[in-house]
Amino acid sequence: MYAQMIASQASDEDPKRLAAFQKRIDAGEKIEPKDWMPSEYRKTLIRQIGQHAHSEIVGQLPEGNWITRAPTLERKAILLAKVQDEAGHGLYLYCAAETLGISRDQLTEMLLDGRMKYSSIFNYPTLTWADIGAIGWLVDGAAIMNQVPLQRTSFGPYARAMIRICKEESFHQRQGFDIMMKMCNGSKEQKTMAQNALDRFWYPSLMMFGPSDSDSIHSEQSMAWKIKMNSNDELRQKFVDQTVPQANLLRLTVPDPNLKWKDKRKGYDFTMPDWDEFLAVINGNGPCNADRLSARKKAWTEGQWVRDGLQAHAKKNANIMIAAE
Ligand code: FAQ
């Protein structure tokens, strides 16, 4: 259905229609699923929303790893709620992608056979409890930086999904910062754990914003279509500027000897992440890529009976309705 939709649209993309579409985008109108859209716009949205959905789902794994080992009952309840929120975010996003004519099953298959990506950050391990704090503080912090502007993205279902997601991400970021605060005010060992977590998660968090603008393939067109509202480097800079004062408050050291506030441009100079490492991770060779994909494959295979059962139930209900007519 998706392939047919793309093929049938390719023929009717005349310049006048494209110009009228761009005019709607420039005027700040929302594009809705039944509206005409260029096939490339549809394709880009499916790629971005699908990869975003996969990130939320795969993103449950590193934190889920600590649910059984949370230090107190309260921390466990909070972490459980956060991980469940991430599942919900995945669902809103899969629903938004489905309005573009692709099914969740197709998207999942594309993740499992390597045609679709998920965020690089989730290919790093969570070695200590402080990593759960660092994920909430830095990873959710980076996610919010990226997602708040997406509430104004041009595609209606994506923009609306983002509104609820951002509210929940704010709570996630606060709980992460709260864990870090507790550890930084605790014993010497706890403070060291917090510093180590920052050391390990700082550069991977900077990678979440994608390659530098000069290497970004999709940014220019995506920004013209308001699928992305800011460039990768703009958001990365904002994240650094917001996060460094928070690290100072925690009395932690950001692992970057080149970090320097520039009064003139009201922002920090900072070191970019290692782009070779980034490429290795997004091409499947990060520390946990194999584990993450095998966990998703196992869940997909073991969940087959649930999907079969639901489909059989839906079919039975449809037959009853037809018989009753
Ligand atoms: N990881 O041309 P660009 C979260 C790929 S949600 C992996 O710049 P684009 C919540 C990119 O796909 C985190 N791949 O691409 C949470 C493209 O490859 P392709 C997810 C990456 O799309 C917290 C190629 O590189 N958020 O964390 C990455 O314009 C805690 C060229 O790059 C979103 O998805 C990367 N970091 O910009 C959950 C937000 N960066 O597709 C649980 C929406 C780039 O051609 C726990 N997405 N690539 O094969 C976006 O804003 C954009 O898609 C970017 C990338 C900014 C991620």
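Here's a quick rundown of the structure. (Residues numbered from 1 in each chain as written. Predicted model: local features only at pLDDT ≥ 70, side-chain atom pairs only at ≥ 80, totals over all residues. Heavy atoms only, no water.)

This next bit is on the overall build of the protein. Along the protein, the regular secondary structure elements total 14 helices and two strands. At 21 Å, the protein has a C-alpha radius of gyration in line with the 20 Å of a compact globule built from 325 residues. With the C-alpha coordinates of the protein rotated into their principal frame, the extents come out at 70 × 50 × 35 Å. Classification of the 325 residues of the protein by burial places 47% in the buried group. Pairs at least 24 residues apart make up 78% of the contacts formed inside the protein by residues separated by at least 6 positions. Accessible surface for the protein amounts to roughly 16500 Å². Of this, 57% is attributable to carbon and sulfur atoms. Distance from the positive charge centre (42 side chains) to the negative charge centre (40 side chains) of the protein: 3 Å. (Helix = DSSP H or I, 4+ residues; strand = E, 2+ residues; numbered from the N terminus. Rg over C-alpha atoms; globule rule 2.2 N^0.38 Å. Buried < 20%, exposed > 50% of the residue type's maximum accessible area, 1.4 Å probe, protein only. Contact = heavy atoms within 4.5 Å. Areas by Shrake-Rupley, 256 points an atom, 1.4 Å probe, with all protein chains shown as cover. Lys, Arg positive; Asp, Glu negative; His and termini not counted. Charge placed at Lys NZ, Arg CZ, Asp CG, Glu CD.)

For the rest of this paragraph, the subject is the packing of aromatic side chains. One pass over the full model with this rule turns up nine aromatic pairs. The interplanar angle of 85° and the centroid separation of 6.0 Å between the aromatic rings of Phe 21 and Trp 36 together place this pair among those described as edge-to-face. You can see Phe 21 sitting in helix H2 (residues 15–26) and its partner Trp 36 sitting in the loop between H2 and helix H3 (39–58), a full 15 residues away along the chain. Residue classification places Trp 36 among the buried positions, given a relative accessible area of 18%. Ring centres 5.0 Å apart and planes at 70° place the aromatic pair Trp 261 and Tyr 268 in the edge-to-face group. Under the relative-accessibility criterion, Trp 261 is labelled partly exposed at 40%. Look at Tyr 268 and you get buried, because its relative accessible area is 13%. Members of the aromatic cluster, joined through ring pairs, are Phe 21, Trp 36, Tyr 41 and Trp 225. Seen from the ring of Trp 66, Arg 69 lies directly overhead, with NZ or CZ sitting 4.0 Å from the centre. (Phe/Tyr/Trp six-rings, centres within 6.5 Å; stacked < 30°, edge-to-face > 60°. Lys NZ or Arg CZ within 6 Å of the ring centre and 35° of its normal.)

The next subject is the site of the ligand. In the region of the ligand, 34 residues are neighbours, and Lys 117, Ser 216, Ile 217, His 218 and Lys 228 sit closest. Take Ser 216: an N or O atom from its side chain is 2.8 Å from an oxygen atom of the ligand. Residue Lys 228 places a side-chain N or O atom 2.7 Å away from an oxygen atom belonging to the ligand. For the ligand, whose accessible area on its own is 1100 Å², the fraction buried by protein is 91%. A majority-of-atoms criterion places the ligand in the largest pocket. When residues in the shell around the ligand are grouped by element, the largest group, six residues, is from H3. (Near = heavy atom within 4 Å. Polar contact = N/O pair within 3.5 Å; in protein donor to acceptor, adjacent residues only side chain to side chain. 1 Å grid on protein atoms, 1.4 Å probe; cavity = no way out; pocket = protein on both sides within 12 Å on 5 of 7 lines; lining within 4 Å. Sits in = over half its atoms within 2 Å of the grid points.)

Right, let's talk about the layout of surface pockets for a bit. Put simply, the largest pocket is a space of about 1100 Å³. Lining the largest pocket are 44 residues, with Gln 51, Ser 119, Met 208, Phe 209 and Gly 210 sitting closest to its centre. Listing elements by their share of the lining of the largest pocket, those giving two or more residues are H3, helix H5 (73–98), helix H7 (129–150), helix H8 (156–184), helix H11 (232–249) and helix H12 (275–285). A total of nine residues in the lining of the largest pocket trace back to one element, the largest contributor, which is H7. Taken together, the residues of the lining of the largest pocket sort by class into 19 nonpolar, 15 polar and ten charged. (Points joined across faces, edges and corners; volume = space filled by probe spheres on them. Nonpolar A, V, L, I, M, F, W, Y, C, P; charged D, E, K, R; others polar.)

It is the contact of helix H13 (residues 289–302) with helix H14 (residues 304–324), at a shortest axis distance of 4 Å, that shows an interaxial angle of 40°. By the angle class used here, H13 and H14 are oblique. Contact with H13, carried on its side by Trp 300, Thr 301 and Glu 302, involves Gln 304, Trp 305 and Arg 307 of H14 and no other residues of that element. (Axes fitted to C-alpha atoms, helices over the stretch in contact; angles between N-to-C directions. Parallel < 35°, antiparallel > 145°, perpendicular 65-115°, else oblique.)

Glancing now at the side chain of Gln 173. Of note, Gln 173 is situated in helix H8. Residues contacting Gln 173, with those up to four places away along its chain left out, are Gly 136, Trp 137, Asp 140, Gly 141, Ile 144 and Gln 246.

Counting 49 residues, the largest nonpolar core has Trp 129, Trp 137, Leu 138, Phe 201, Trp 202, Phe 239 and Leu 252 as the members making the most contacts within it. The element contributing the most residues to this core is H7, with ten residues. Other than its neighbours up to four places away in sequence, Phe 201 contacts Ile 121, Tyr 124, Pro 125, Thr 126, Asp 131, Ala 134, Ile 135, Leu 138 and Val 139. The next biggest cluster of nonpolar side chains, apart from the first, holds 27 residues, and it includes Tyr 41, Ala 53, Ala 97 and Phe 155. (Core = buried A, V, L, I, M, F, W, Y, C linked by side-chain atoms within 4.5 Å.)

Bringing a nonpolar patch on the surface into the picture now. Where nonpolar side chains cluster on the molecular surface, the patch consists of Trp 305, Val 306 and Leu 310 and spans about 360 Å² of accessible area. Considering the arrangement of structural elements, one finds Val 306 in helix H14. Given the relative accessible area of 38%, Val 306 is considered partly exposed. (Patch = residues over 30% accessible without salt bridge, like charges linked within 9 Å, V, L, I, M, F, W, Y side chains within 5 Å. Salt bridge = Lys/Arg side-chain N within 4 Å of Asp/Glu carboxyl O.)

A word on helix H6 (residues 104–112). Within H6, burial applies to Leu 107, Thr 108, Met 110, Leu 111 and Leu 112. Its buried side turned inward, H6 meets H3, H5 and H13. Among the residues trailing H6, Gly 114 stands out with phi positive, at a value near 85°.

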